[in-house]
Structures are given as C-alpha cells and as structure tokens.
Amino acid sequence: MHNFIPSLLGAFGVFTTTLAQVSTPPGASTALDRIANANKPTFADVRESVAKQYEEEGPLPTEKYFHESRFHHHYDDRFANSTLPEEQVIPHLIALVQAYLKTMRAIGAETWIMHGTLLAWWWNQKIFPWDNDLDVQVTEPTIHFLADYHNFTDHHFEIPGVDGGRTYLLEINPNHVVKTTEDWLNVIDGRWIDKSSGLFIDITAVRPDVAKRASGHPEALMCKDKHRYKESDIFPLRNSYFEGVPVRIPYNYAGVLREEYGSRSLTNTEFWG
Ligand SMILES: *[C@@H]1O[C@H](CO)[C@@H](O)[C@H](O)[C@H]1NC(C)=O
Ligand SMILES: *[C@@H]1O[C@H](CO)[C@@H](O)[C@H](O)[C@H]1NC(C)=O
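Rules behind the numbers
Residues numbered from 1 in each chain as written. Chains lettered and ligands numbered in written order. Predicted model: local features only at pLDDT ≥ 70, side-chain atom pairs only at ≥ 80, totals over all residues. Heavy atoms only, no water. Helix = DSSP H or I, 4+ residues; strand = E, 2+ residues; numbered from the N terminus. Contact = heavy atoms within 4.5 Å. Areas by Shrake-Rupley, 256 points an atom, 1.4 Å probe, with all protein chains shown as cover. Near = heavy atom within 4 Å. Polar contact = N/O pair within 3.5 Å; in protein donor to acceptor, adjacent residues only side chain to side chain. Nonpolar A, V, L, I, M, F, W, Y, C, P; charged D, E, K, R; others polar. Patch = residues over 30% accessible without salt bridge, like charges linked within 9 Å, V, L, I, M, F, W, Y side chains within 5 Å. Salt bridge = Lys/Arg side-chain N within 4 Å of Asp/Glu carboxyl O. Expected span 1.5 Å × (residues − 1). Buried < 20%, exposed > 50% of the residue type's maximum accessible area, 1.4 Å probe, protein only. Phe/Tyr/Trp six-rings, centres within 6.5 Å; stacked < 30°, edge-to-face > 60°. Arc of directions from axis to C-beta. Lys, Arg positive; Asp, Glu negative; His and termini not counted. Charge placed at Lys NZ, Arg CZ, Asp CG, Glu CD. Pairing = 2+ DSSP bridges.

### Section: the overall build of the chain
Helix and strand counts for the chain stand at 9 helices and 10 strands. Sequence-distant contacts, at least 24 apart, represent 62% of the contacts inside the chain between residues at least 6 apart. Of the roughly 15,200 Å² of accessible surface on the chain, a fraction of 56% belongs to carbon and sulfur atoms.

### Looking at the site of ligand 1
For ligand 1, the full set of nearby residues is Arg78, Phe79, Ala80 and Asn81. In this structure, Asn81 approaches ligand 1 through a side-chain N or O atom, which is 2.3 Å from an oxygen atom. When isolated, ligand 1 has an accessible area of 360 Å², and the protein chains bury 28% of it. In terms of residue class, the shell around ligand 1 is made up of 2 nonpolar, 1 polar and 1 charged.

### Looking at a nonpolar patch on the surface
Together, Trp130, Phe271 and Trp272 make up a nonpolar patch on the protein surface, roughly 460 Å² of accessible area in all. Counting through the fold element by element, Trp272 comes out in the segment after helix H9 (253-261).

### A word on helix H4 (residues 86-107)
The end-to-end C-alpha separation of H4 is 32 Å, in line with the 32 Å expected for 22 residues at 1.5 Å each. Looking only at H4, the buried set comprises Val89, His92, Leu93, Ala95, Leu96, Val97, Ala99, Tyr100, Leu101, Thr103 and Met104.

### Thoughts on the packing of aromatic side chains
What describes a pair of aromatic rings is the distance from one ring centre to the other and the angle between the planes of the rings. In total, this model carries 11 aromatic pairs according to the counting rule given. Taking the centre distance of 5.8 Å and the plane angle of 70 degrees together, the rings of Tyr100 and Trp192 count as edge-to-face. Of this pair, Tyr100 sits in helix H4 while Trp192 sits in strand S5 (residues 190-194); the two residues are 92 residues apart in sequence, bridging distant segments of the chain. An identical accessibility class is assigned to Tyr100 and Trp192; each is buried.

### So, H9
Those residues of H9 that sit buried are Ala254, Val256 and Leu257. End-on, the buried residues of H9 take up no more than an arc of 160 degrees, which puts them together on one face. Gly262, located one to two residues past H9, shows a positive phi value of around 85 degrees.

### Digging into the pattern of salt bridges
Across all of its chains, the model carries 10 salt bridges by this definition. Residues Arg78 and Glu171 are paired through a salt bridge, measuring 2.7 Å at the closest nitrogen-oxygen approach. Separated by 93 residues along the polypeptide, Arg78 in the loop between helix H3 (43-46) and H4 and Glu171 in strand S4 (residues 162-172) bring together distant segments of the chain. Take Glu171: its relative accessible area is 2%, and that puts it in the buried class. Among the salt bridges present, the one from Arg191 reaches Asp202, with a minimum N-O distance of 2.8 Å.

### Quick notes on the site of ligand 2
Taken together, Tyr65, Ala147, Asn151, Phe152, Ile172, Asn173, Pro174 and His176 make up all the residues around ligand 2. In the model, an oxygen atom of ligand 2 is placed 2.9 Å from a nitrogen or oxygen of the Tyr65 side chain. Contacts to ligand 2 include Asn151, whose side-chain N or O atom sits 2.3 Å from an oxygen atom.

### Topic: a negative patch on the surface
Negative charge collects at one region of the surface, where Glu55, Glu56, Glu57 and Glu182 lie side by side. For Glu55, a relative accessible area of 64% puts it in the exposed group.

### Looking at the pairing of strand S2 (residues 134-139)
With respect to burial, S2 is a largely interior element, 6 of its 6 residues being buried. Here S2 shows two buried faces, one formed by Leu134, Val136 and Val138 and the other by Asp135, Gln137 and Thr139. Taken together, the 2 bridges between strand S1 (residues 112-113) and S2 define a ladder with antiparallel strand orientation. From the neighbouring strand, Ile113 faces S2, where its bridge partner is Val136. Of the pairings in the sheet, the one linking S2 to strand S6 (residues 200-208) comprises 6 bridges and is parallel in character. Note that in S6 the partner of Val136 across the bridge is Ile203.

Here's what the structure looks like:
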C-alpha cells in the first residue's frame, strides 16, 4: 500500500500536465480541475431546507402537551409509577438512546445530540454515569416529517439480557406548529419514550429565527426553549459514535459547548466531587 500511493499520484500528475499543455495557458486551471469543480456544490447550495419557512399555525396553547410525572420529572407517568432502581437507570438510558439513533437512521430522519448529551459525548462518547436525561435536536422539516408520518408509532427492539425486549414510543407534540417562544408550556417538540420504564429523550426542533434574520443575521436559528444558534454552528453535521452507535454531532461542537457550559466544561475533570 505504501508504494502504491506515490506511484498513483505520480501517474495522475503526468496525466494532468499532459492535459494542461494541450488545453490551457500557463497558470490557468487544468481541464481536470474544471471537471472536478463543476460538480462540487458548496454546502450552502445544497442546504436550503434548513431555512425552509413554515407558517405559524394556531393560537397560543393554554395547556401543556407533555406532562412530567408526579414522582420524577424525567419519567412519563403513563408508563410508570416509580423511578427505576439506581443501578438500572444508565443501562436503560443506553438502550433508549441506541434505539432512538438506530430508528431515526432507519426512517431517514436527521437528528443530532445536544446539551448535556453532547458534553457527555465530548468526554467519553458515552452517557455520563450521573445523567438521567438525554437531549436531541432535529430541524423544523424533520419534526414535520415525524409528525406527519411517524407520530405515535411503537418501535420494538430485542435487547441482550432483556426478556421480551423493549418497546419505544415516538410521540410528537401537536403544538410543534406553534413556533413562538411564548409557548413556554410546549418547548419540547417530541419525545422518544421507553414504555417499560417511562424514561424518555426530549426532542426539540431547531427553526429559523425569523425576527433575527430580518435584522441582518441570515444564519440565525432558534428553539422554542430559547436556545439560539447559527446555521454554521450545527451544519454540516459531523459523524461520530455515541454508546457504540453512529451519531451526528453539531459542526462547531466545542463552540456550542463553551457557549452553554463555559470553557471549563471541556477541561475540568471534576464534577460535584
Ligand atoms: C400507577 O398507579 C395508578 C394508581 O394506582 C394505576 O391506576 C396505574 O395503572 C399505574 N400505572 C402504571 C404504569 O403502572
Ligand atoms: C400524535 O398522536 C397523539 C396520540 O394520538 C396525539 O395526541 C397528538 O396530537 C399527535 N401529534 C400530532 C403532531 O399530530
């Protein structure tokens, strides 16, 4: 392999020079360069859908769609009446996020990790041992896709060591069409819920920040939970792994984490002792 690469480059170089001598004056791009560049769109060219505009629909909701349980705010009480024993929480969260990432990939829904989950990725590509929630984001077109085609669907997974496997519910908040941050009761656009334990992942949609765009910030993005980003903070998404399965992460992950948690969060190896 070592010898092959230089010889291949050498052959390519000779070919380029020959073409250049025939078809272009000195200093101009070669025919090969032109062919290569002609078919190479920039990221902005192909990434029009992120800024796709959806109309605000419906009046400001007066009720919360997703209810946190009476016993713990990270459990859905339609599926549980108590928290899991502590040693079972992390194994359940691992299976939960693996199933989510695999399902989104399988149905072609673009998603990435954010907030504490992204910070945990930064350190270990794993969930923090003390975590009990997970956060992911999608674009506005994707939340519409999930609402229109996959709302309230069950997804069953066989899990090693878990008798009968587990079933996960994808549920989209009907108020995802209300875009304003004034809808503070419905800042969570969707949930991926473990029906065996009530544990869930919050899904929030990232939308064009129309007001900020109008005042000269063409890349401005926002979520209903008031987090704000630039398109270039998130896109193009990078490929990595989380808990051993493929995941997408924001392009400027270090900047996004510094902004949310401070620079020390990327270097400080102690947390609450
Ligand atoms: C939780 O407890 C209530 C009241 O006892 C019961 O009606 C409900 O079915 C229980 N839910 C689950 C998921 O076990
Ligand atoms: C999803 O389905 C649930 C259960 O039928 C429903 O309450 C909710 O409004 C639906 N969400 C959307 C976006 O249609």
